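Listed below, chain by chain, are the residues.
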Amino acid sequence: MTARWLDDTQQRAWRAWLTLAELLPRELDAQLQRDAGLSHAAYVVLAMLSEAPGRSRRMSDLARRANQSQSRLSHTVARLEDRGWVRRERSAEDGRGNLAVLTDAGWDLVRSVAPGHVDAVRAALFDPLTAEQTEALREVLETVVEALDPDSSRRVAHGGDVP
């Protein structure tokens, strides 16, 4: 069977995506480290909790939403607990599952850090683009997401939505 290689345009797009996937998280991580002494991975955990009803989520759901393994999430939550931003509780629903709960101090942190994070996202991703390019980027990304997950079974709902 003959290999089907990427053509020049596809190769350039692929390499640009790889570069963006490396540089954008690094840029956002640097901003969060500078402003709050927080990694981007830890901020995502806090943000996912801040958007949840009651500011809490089951650890398994949080791991999926934060794109972390259960083990990595456990370490992340432990560091956040040490700083007083998160606490763990047993689930009142079944008594078996564990919840991560955003504390009032964690909520205050998210509210104070979020504006700078939004500014960093805007500066890194959207400021270099025109409105038309931003719309095209949205369309392209949504098209790829649809192709990867046509029945929406693998993607995570955003905001306070619970899948």
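Just so it is clear, the structure is predicted and the values come from calculations on it, not from any experiment.

### Regarding the sheet that holds strand 1 (residues 56-58)
One open sheet holds the three strands; their spatial order is 1-3-2, and the pairing between them is antiparallel. Each end of this open sheet is capped by a strand with a single partner; those strands are strand 1 and strand 2 (86-90). Between one strand and the next, the sheet's axes are offset by a mean angle of 25°, whatever the strand orientation. Sheet topology note: the strand 1/strand 3 (residues 98-102) ladder contains three bridges and is antiparallel. When the sheet's bridge partners are listed, arginine 57 is paired in strand 3 with alanine 100. Along the sheet face, helix 2 (residues 40-50) touches strand 1, strand 2 and strand 3 and points at about 90° away from the line of strand 3.

### With respect to the pattern of salt bridges
By the definition in use, this model includes 11 salt bridges. When the shortest N-O distance is used, the salt bridge between glutamate 22 and arginine 26 registers 2.4 Å. Residue glutamate 22 and its partner arginine 26 are located together in helix 1 (residues 8-36), separated by four residues, close to a single helical turn. Given a relative accessible area of 44%, glutamate 22 falls into the partly exposed group. Accessibility expressed as a relative area gives 49% for arginine 26, which makes it partly exposed.

### Focus: unusual backbone geometry
The residue arginine 55 is not glycine, and still its phi comes out positive at about 55°. Considering the arrangement of structural elements, one finds arginine 55 in the loop between helix 2 and strand 1. A positive phi angle is found at serine 152, which is not glycine, with a value near 60°. Of note, serine 152 is situated in the segment after helix 6 (131-148). In this structure serine 152 comes out as partly exposed when scored by relative accessible area, which is 38%.

Reading guide: rules and limits
- Residues numbered from 1 in each chain as written.
- Predicted model: local features only at pLDDT ≥ 70, side-chain atom pairs only at ≥ 80, totals over all residues.
- Heavy atoms only, no water.
- Pairing = 2+ DSSP bridges.
- Helix = DSSP H or I, 4+ residues; strand = E, 2+ residues; numbered from the N terminus.
- Axes fitted to C-alpha atoms, helices over the stretch in contact; angles between N-to-C directions.
- Contact = heavy atoms within 4.5 Å.
- Salt bridge = Lys/Arg side-chain N within 4 Å of Asp/Glu carboxyl O.
- Buried < 20%, exposed > 50% of the residue type's maximum accessible area, 1.4 Å probe, protein only.

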